[in-house]
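Architecture at a glance
Next come the chains, spelled out residue by residue.
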Amino acid sequence: MASPLALPAPVSLLSSNPTPRSPDLTRRHPLVRTRRNAVLPLRASTSLPPFKLFEPPPVVASPFLPDLEPADPDFYKIGYARSFRAYGIDFMEGPNGFGVYASRDVEPLRRARMIMEIPLELMLTISQKLPWMFYPDIIPIGHPIFDIINSTDPEKDWDLRLACLLLFAFDVQGNFWQLYGDFLPSADECTSLLLAEKGDLLELQDPDLVSKMKHQHQRAIEFWEKNWHHAAPLKIMRLSQDPERFLWALSIAQSRSISMQIRIGALVQNANMIVPYADMLNHSFQPNCFLHWRFKDRMLEVMINAGQRIKKGDEMTLNYMHGEKNNMFMERYGFSSPTNPCDVINFSGNAKIHRDSFLSVFNISGLPEEFYHNSLLSRGEDSNFVDGAVIAAARALPSWSDRDMPPVPSVERRAARELQEECRQMLASLPTTSHEDQQILDSNPEVRRTREAAIKYRLHRKLLIGKVIQALEMYQERILF
Ligand SMILES: C[S@@+](CC[C@H](N)C(=O)[O-])C[C@H]1O[C@@H](n2cnc3c(N)ncnc32)[C@H](O)[C@@H]1O
């Protein structure tokens, strides 16, 4: 019986291409991936042979999204024995780098609807536990990269392992990743803080996060020095001749991989995976898509949530991490949000508001872990005000609840004012105001992406505190009603 590792050899489209693109991964494909606001020219023809295993989605300039430009048609045509398929979507450059957008309306359905399917052969995967294995089975027996990967801890070093596998895949003649590498962000375009300069980290105004990132950076450099020393074999040296390239590969592994339980034959394993095309989906706290492993033919499916209405031009999103604060998003992906419903403000005073009153003023329902805004109960103005930040406030504000004791409005108002005062003190203790942060961002449109992400991070914290002050103001006005 064939071993699960013995996948059919990929049929490379590159084999008939006399001049495959060099795997120069410090750049993006100039025709496809450009920095924000730049125009992406479309190419009418492709240097790849006209061999298609599927009909690529039409790539046309979209009138409904004037700021967004479609990807290069080649993007859809990197073919293999089993191809990637996409239904009703376009890949386009948007405000958060590349993203996936609906190319047509989708009516809400009772069942989830598939928009992408990606075969296992195109992914880079390594299982989390021993005996570990990886797909695709591209490392020849005896290659020293195998020993390097094997020397790491499968549970803790998933990112180092994926980075090694990625660097190796770029070096394999005719491998899919030699082409797909052109669609990945370059070191200048990636927001990962692993690529940040010291000055960028200081912009975070968060000493804990700075020290975590310095530690991560050092770990990566130590790993590179240990394995890419002057006596390392040429086969290894050429994968990452300088530490910057390794840092870039590690950033890609961290910011674009997922971990998932997959079943291959009878084997069920937790795997870390870099999944091409699906790695273009941006994050949202209210995602409209999710991932599903289709074990019968080893495909990862990207599905639209059941019951979800999609309008042409909507961005298709996933929730990267449930229940994590902005510092965790920054550490792994290099972005944050002013409306992260799980972000936290640490209050130290004694003031407390009545929890159920606060929740009812803003029509927030559910248990604390799953608080949500019940928009059916809200009037127009409220629907716009209540966002993830108000949900975060409902979780983070010190509160009390006692069935036998109704809240006393005057006591509640006093508590709310004390909490507002504490918020103002927090803002005053920070080195810059949100207005100054915004001005810095507005006056430096070409700032490094990591520096921009760091300034946005500290701005987002201030916006959250500001929103909590506003919410407490509304609470005081409405507590009687
Ligand atoms: C898995 S990739 C998604 C595709 C990516 N936008 C690109 O250009 O290739 C994750 C990266 O996208 C960006 N990103 C994703 N979701 C975002 C969001 N909600 N806000 C800001 N940046 C986001 C961050 O740079 C993150 O590191």
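Residues numbered from 1 in each chain as written. Predicted model: local features only at pLDDT ≥ 70, side-chain atom pairs only at ≥ 80, totals over all residues. Heavy atoms only, no water.

With an unreviewed UniProt entry as reference, the protein is termed SET domain-containing protein, source organism Platanthera zijinensis.

Things to note about the packing of aromatic side chains
Our working definition: Put simply, two rings from Phe, Tyr or Trp (the six-membered ring, in Trp's case) pair if the centres are within 6.5 Å, and we call them stacked under 30 degrees between planes, edge-to-face over 60, tilted for the rest. Buried residues are those whose accessible area, probed at 1.4 Å on protein chains only, stays under 20% of the maximum for their type, while exposed residues exceed 50% and partly exposed ones sit between those limits. In this scheme, the term charge over a ring applies when either NZ of a lysine or CZ of an arginine sits within 6 Å of the ring centre and within 35 degrees of the ring normal.
Counted by the stated rule, this structure contains 22 aromatic pairs. Centroid distance F176 to W177: 5.7 Å. Interplanar angle 85 degrees. Geometry classified as edge-to-face. A relative accessible area of 2% places F176 in the buried class. Cluster of aromatic residues (ring-pair linked, three or more members): F84, F91, F176, W177, Y180, F183 and Y277. Positioned above the aromatic ring of F295 is the side chain of R263, whose terminal nitrogen or guanidinium carbon lies 3.7 Å from the ring centre. Stacked on the ring of F385, the Lys or Arg K467 has its end atom at 4.1 Å from the ring centre.

Considering the side chain of D279
Applied cut-off: By the criteria applied, helices consist of DSSP H or I runs no shorter than four residues and strands consist of E runs no shorter than two, each listed in order from the N terminus. Contacts are assigned to residue pairs that have any heavy atoms within 4.5 Å of one another.
Following the sequence through the fold, D279 ends up in the loop between strand 9 (267–274) and strand 10 (282–283). For D279, the residues in contact, after removing those within four places along its chain, are Y180, L184 and R256.

A closer look at the nonpolar core
The tendency in soluble globular proteins is for nonpolar side chains to be buried side by side. In plain terms, the rule: Residue types Ala, Val, Leu, Ile, Met, Phe, Trp, Tyr and Cys, when buried and joined through side-chain atoms within 4.5 Å, form a set referred to as a nonpolar core.
One finds M116, I118, I145, W177, F246 and M316 to be the most contacted residues of the largest nonpolar core, which totals 88 residues. When residues of this core are assigned to their parent elements, the largest contribution, eleven residues, is made by helix 3 (residues 158–171). One finds F347, V386, M474 and I479 within the second-largest nonpolar core, a separate group that totals 33 residues.

Some remarks on the packing of helix 12 (residues 388–396) against helix 15 (residues 449–478)
As a reminder, the rule being used: Interaxial angles span 0 to 180 degrees and are taken between N-to-C directions of axes, which are lines fitted to C-alpha atoms, for helices over the stretch in contact. Any angle that falls under 35 degrees is termed roughly parallel, while one over 145 is termed roughly antiparallel, one within 65 to 115 roughly perpendicular, and all others oblique. Basically, the charged four are Asp, Glu, Lys and Arg, the nonpolar ten are Ala, Val, Leu, Ile, Met, Phe, Trp, Tyr, Cys and Pro, and anything else, Gly included, counts as polar.
With their axes 9 Å apart at the nearest point, helix 12 and helix 15 run at an angle of 75 degrees to one another. As far as their axial angle goes, helix 15 and helix 12 are roughly perpendicular. Every residue of helix 15 that contacts helix 12 at A389, V390, A392 and A393 is listed here: L464, K467 and V468. Looking at the contact of helix 12 with helix 15 residue by residue, the class counts come to six nonpolar, no polar and one charged.

Some remarks on unusual backbone geometry
With a phi close to 55 degrees, R298 is a non-glycine residue in the positive phi region. Looking at the element boundaries, R298 is found in the loop between strand 11 (289–294) and strand 12 (299–304).

Focus on the site of the ligand
The criterion, for reference: Any residue with at least one heavy atom within 4 Å of a molecule or strand is counted as near it. Pairing of N or O atoms within 3.5 Å defines a polar contact, subject to two protein rules: one partner must be a possible hydrogen donor and the other a possible acceptor, and residues neighboring in sequence count only if both atoms are side-chain atoms. All accessible-area figures derive from a Shrake-Rupley calculation using a 1.4 Å probe, and residue coverage is judged against the displayed protein chains alone.
Around the ligand sit 16 residues in total, of which N96, F98, T191, N282 and Y333 are the nearest. Within the side chain of T191, an N or O atom sits 2.7 Å from an oxygen atom of the ligand. Residue H283 places a main-chain N or O atom 2.9 Å away from a nitrogen atom belonging to the ligand. Look at the ligand: alone it shows 570 Å² of surface, and the protein chains cover 87% of it. For the shell around the ligand, the residue count by class is six nonpolar, six polar and four charged.

Quick word on the sheet that holds strand 8 (residues 257–264)
Definition in use: In this analysis, strands are considered paired if DSSP registers two or more bridges between them.
Judged by pairing direction, the sheet is antiparallel, and its four strands sit side by side in the order 7-6-9-8 without closing on themselves. Each having just a single partner strand, strand 7 (134–135) and strand 8 make up the two edges of the open sheet. In this sheet, strand 7 lies alongside strand 6 (residues 124–127) in antiparallel orientation, the contact comprising two bridges. Across the sheet, the residue bridging to T125 is Y135, located in strand 7. Contacting strand 6, strand 7, strand 8 and strand 9, helix 3 runs over the sheet at an angle of about 145 degrees to strand 6.

Quick notes on helix 12
Here helix 12 lies mainly inside the structure; eight of its nine residues are buried. Of all the residues in helix 12, the buried ones are G388, A389, V390, I391, A392, A393, A394 and A396. Of the residues flanking the start of helix 12, the one acting as N-cap is D387, its side-chain oxygen 3.0 Å from the backbone nitrogen of A389.

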